[in-house]
Structures are given as C-alpha cells and as structure tokens.
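Observations on the model geometry
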Amino acid sequence: MFRVATTLTDNSALTLRRYDDAARAGVVVSSQHLLNELRKAYQDYYTTGDFRSTLQIRQALRRSNPERGVDGWYALVGVPTKNVTPKGQKKSVDRGLVALGWELGHNNLFLGKRVRVQIVAPAAAEAAEGMRKAWARTVKRMMEAP
Amino acid sequence: MSKPRFATQGSIQTPSTASTVQIYSTIRKGLIDYVSSDNQRLAQFVNDRIYVRSQPEPVLFPYITLLLNRTSLSAYNGYRETALLEVQCLGKPESQLPLVETAMDIVDQCLTAYTDARSGLTVGRSRTRNTIPMFSDPADASVVGVIATYEFFIWPRVLTVRTN
C-alpha cells in the first residue's frame, strides 16, 4: 500500500492505438502521393498520336482504402478492373488491361512488332522517396498530437 | 579482369559477376545448361532463343527475354545489390501456351533458391509468376506469355573488387 502515491503509466495501449491510426493515415497519404505521380506520368501518348489511351487510363486511375494485411496496412493504386464503353463507341474496354498491355509489352497489330512502354514502374520508383517522406510526416504529426 | 564493351566471341567469360554483361551471360548460360528433375532442358522448348531486353525481329516463337533491375541500399556499403530479374516467355499461336508454361516451370526450378558462389555471390530468393492475360486491339491476342520476376541478392565482383 502506498500513501501520497504518484502513478506512472506507460500509456502503451494508447500509443499503440494511436500508431495504428497514424500508420493507416500514412498509407492513405503515401498512396495518394503515388496516385498523383502516376496521373502526371500518364500524360503523353504511348508511342505516337495513334495511341492516345494514356488519357483514358489517367482518368481511370484510383487508389483503394487501406486494408489490414499480414504485415500491416496496405492500399492498392492502379486501374480497377472494369469494362467501360467509351462515348460514341460500341465496344467495351478494360482500361486496366490496356495499361497492362503497354506496361508488360504486346505484339502490336498496327506497328507489326512488339512494343513496350513502361510508365508505372519508373514513376513508382521515382515516387518511392516522396511516399516514404509523406508516410513519415503523417505518422510523426499524428503521434506528436497532444 | 575482362569487361566486355561489345559481345564479341571470347570477350564474355562465365560464370562471372565482373560486369553487367557477364552477369546476364551467367544467368543465361545457367538457364540453358539446367537439366530439370524430369530430365528436360530449355533447349527443347526455346532452343537458344533467350534474349536480353528484347528479341530480334522477326522472331521465332516461343522465346524468352531477360531484364535485370539492380539497386543497392546503404546496408553493406552499397556492395550488396537487390536485383529483380524479369523473365518473359512468349509464344504464338495460343496453342503454344502449354509449351510456354512448361518452359517457365524449368526456369522456375532453375532460379528458385539459385546459389552461385563461383564469382562474387548470387543467391535467388522469392519470385512472382503470372500468365499474361489476353489483350485485345491493338495487341495481337494470339500471343501468349508468362511473366515471372525473381528476387536475387548479388555481391557483384564489379563492385566488391574495390574492397580487395
């Protein structure tokens, strides 16, 4: 039994709860950073003006809400699988598949050769540092909040 | 130490991690020489059509392309590289898909837990493998393929030679 006692608590439960929220917010911010960078990257034609689908892909880029995985929070950034019928056209298009075709390479019927234009890979590599900073900035702010 | 600027006869020595060209050649030779558990070789599927980066045009199907992306982090003073080796095996027409998948099984078996300490050190770890979905216009839908990415850790002689 103590008299005139002062209680010291480590607040780990609160800290861990707050960190969990902060990490989730960090993933939101860093995935948004990647999304912004990808939108900037999809601004030109693939090879020539004959292949202008980059604009359609830019409009279709999305990020998912964070979900809890085995290693922590994760979010997806890219083009959701969805068939859309562009205005004035009869055939539906899966824009994600179009983007994947250019990213991995495909045998182009019109050019008569295999073509590959990587946009996501270099843009993501370029954005990695910014994503790390955005995540750290967010987590720091939330952990330091009174 | 020889570092080939051009791939002329005799300029490339394998196994070697003394240059990027020789790292590619070492991996390529490793794939060509590998005999699988059921006594199959890649040559039965793709002959020697294993190309770096891209294939010559026109090309005979099926064939394989290799692409290496290497980064070193500050750990190990940058001497240890994390390399992602992308292997694409492509076939045409669609009936070649079983051939392509089987060829990639041999590549998988060869590169999974790959260890080569004869020059520098190269070890293979995880991988991802996907069958490429069917694309539509402007892509040729009759081309089938499998893409796999292998993660390697390399202590390449081209860098570690500085520590000697």
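Residues numbered from 1 in each chain as written. Chains lettered and ligands numbered in written order. Predicted model: local features only at pLDDT ≥ 70, side-chain atom pairs only at ≥ 80, totals over all residues.

Concerning the overall build of chain B
Per the secondary structure count, chain B includes four helices and six strands. When the elements of chain B are put in sequence order from the N terminus, they spell out α-α-β-β-β-α-β-β-β-α. Radius of gyration (C-alpha) of chain B: 17 Å, near the 15 Å computed for a compact globule of 164 residues. Principal-axis analysis of the C-alpha atoms places the extent of chain B at approximately 55 × 35 × 35 Å. Here chain B holds 164 residues, and 30% of them are scored as buried. (Helix = DSSP H or I, 4+ residues; strand = E, 2+ residues; numbered from the N terminus. Rg over C-alpha atoms; globule rule 2.2 N^0.38 Å. Buried ≥ 20, exposed ≤ 12 C-beta atoms within 10 Å, placed from the backbone.)

What about the interface of chain B and chain A?
With 11 residues of chain B at the contact, the number on the chain A side is 10 residues. Taken together, the residues of the side of chain B that touches chain A break down into seven nonpolar, one polar and three charged. (Contact = placed C-beta atoms within 7 Å. Nonpolar A, V, L, I, M, F, W, Y, C, P; charged D, E, K, R; others polar.)

Let's talk about the pairing of strand E5 (residues 121-131) of chain B
All names here are of chain B. Two strands pair when backbone bridges link them, and strand E4 (residues 115-116) and E5 are joined in this way by two bridges, in the antiparallel orientation. By the bridge assignment, Asp116 is partnered in E5 with Thr122. Connecting the antiparallel pair E4 and E5 is a turn made up of four residues, with Gly120 showing a positive phi of about 65 degrees. Bridge count for E5 against strand E6 (residues 144-155) is nine bridges, and the pairing is antiparallel. Each residue of the ladder has a partner; that of Leu121, found in E6, is Trp155. (Pairing = 2+ DSSP bridges.)

Regarding helix H1 (residues 20-33) of chain B
Between its first and last C-alpha, H1 of chain B extends 20 Å over 14 residues, near the 20 Å set by a 1.5 Å rise per residue. Turning to H1 of chain B, its buried residues number three or more, namely Gln22, Ile23, Tyr24, Ser25, Thr26, Ile27 and Leu31 of chain B. (Expected span 1.5 Å × (residues − 1).)

Side note on the sheet that holds strand E2 (residues 63-72) of chain B
All names here are of chain B. What the six strands build is an open sheet, ordered E1-E2-E3-E6-E5-E4; its pairing is mixed. Two strands close off the open sheet at either side, each with one partner strand: strand E1 (50-52) and E4. Here three bridges tie E1 to E2, and the two strands are oriented parallel to one another. Across the sheet, Val52 pairs through a bridge with Leu66, a residue of E2. Helix-sheet contacts for helix H3 (residues 97-111) involve strand E3 (81-91), E5 and E6, and the interaxial angle to E6 is about 10 degrees. (Axes fitted to C-alpha atoms, helices over the stretch in contact; angles between N-to-C directions.)

Side note on unusual backbone geometry
For the peptide bond that leads from Phe61 of chain B to Pro62 of chain B, omega is -5 degrees, which places it in the cis range. Checked against the element boundaries, Pro62 of chain B lands in the loop between E1 and E2. Backbone geometry at Val4 of chain A places phi at a positive 50 degrees, although glycine is not the residue there. Counting through the fold element by element, Val4 of chain A comes out in the segment before helix H1 (12-41).

Quick notes on the packing of H1 of chain A against helix H4 (residues 120-144) of chain A
Residues and elements named next belong to chain A. Packing of H1 against H4 brings their axes to within 7 Å, and their N-to-C directions diverge by 150 degrees. Between H1 and H4, the angle falls in the class roughly antiparallel. Crossing handedness for the pair H1 and H4: right-handed. Its residues placed into classes, the contact of H1 with H4 shows 18 nonpolar, five polar and four charged. (Parallel < 35°, antiparallel > 145°, perpendicular 65-115°, else oblique. Left-handed = near helix turned anticlockwise from the far one by under 90°.)

A word on the confidence of the model for chain B
When pLDDT is averaged across chain B, the result is 90; 99% of the residues are at 70 or more. What the predictor reports for the complex is a pTM of 0.84 with an ipTM of 0.82. (pLDDT = per-residue confidence, 0-100.)

Looking at H1 of chain A
Residue and element names in this part refer to chain A. Relative to the 44 Å expected for 30 residues at 1.5 Å per residue, H1 spans 42 Å between its end C-alpha atoms, a close match to the ideal helical length. For H1, the full list of buried residues reads Ala22, Arg24, Gly26, Val27, Ser30, Ser31, His33, Leu34, Leu38 and Ala41. Buried residues belonging to H1 abut strand E1 (62-63), strand E3 (72-74), strand E4 (77-78) and H4.

Notes on the nonpolar core
Ranked by internal contacts, the top residues of the largest apolar core, which has 29 residues, are Val46, Cys89, Val100, Ala103 and Val107 of chain B. Put simply, the parts of the chain that give this core at least two residues each are H1, helix H2 (43-46), E2, E3, H3 and E6 of chain B. Ranked by residues supplied to this core, first place goes to H3 of chain B with seven residues. Excluding residues within four positions of it along the chain, Ala103 of chain B makes contact with Leu42, Phe45, Val46, Pro62 and Cys89 of chain B. Counting 20 residues, the second largest nonpolar core, distinct from the first, contains Tyr42, Val77, Val98 and Trp102 of chain A. (Core = buried A, V, L, I, M, F, W, Y, C linked by C-beta atoms within 7 Å.)

Describing the pairing of E6 of chain B
Sheet topology note: the E3 of chain B/E6 of chain B ladder contains 11 bridges and is antiparallel. Residue pairing in the sheet places Val87 of chain B in a bridge with Ala148 of chain B of E6 of chain B.

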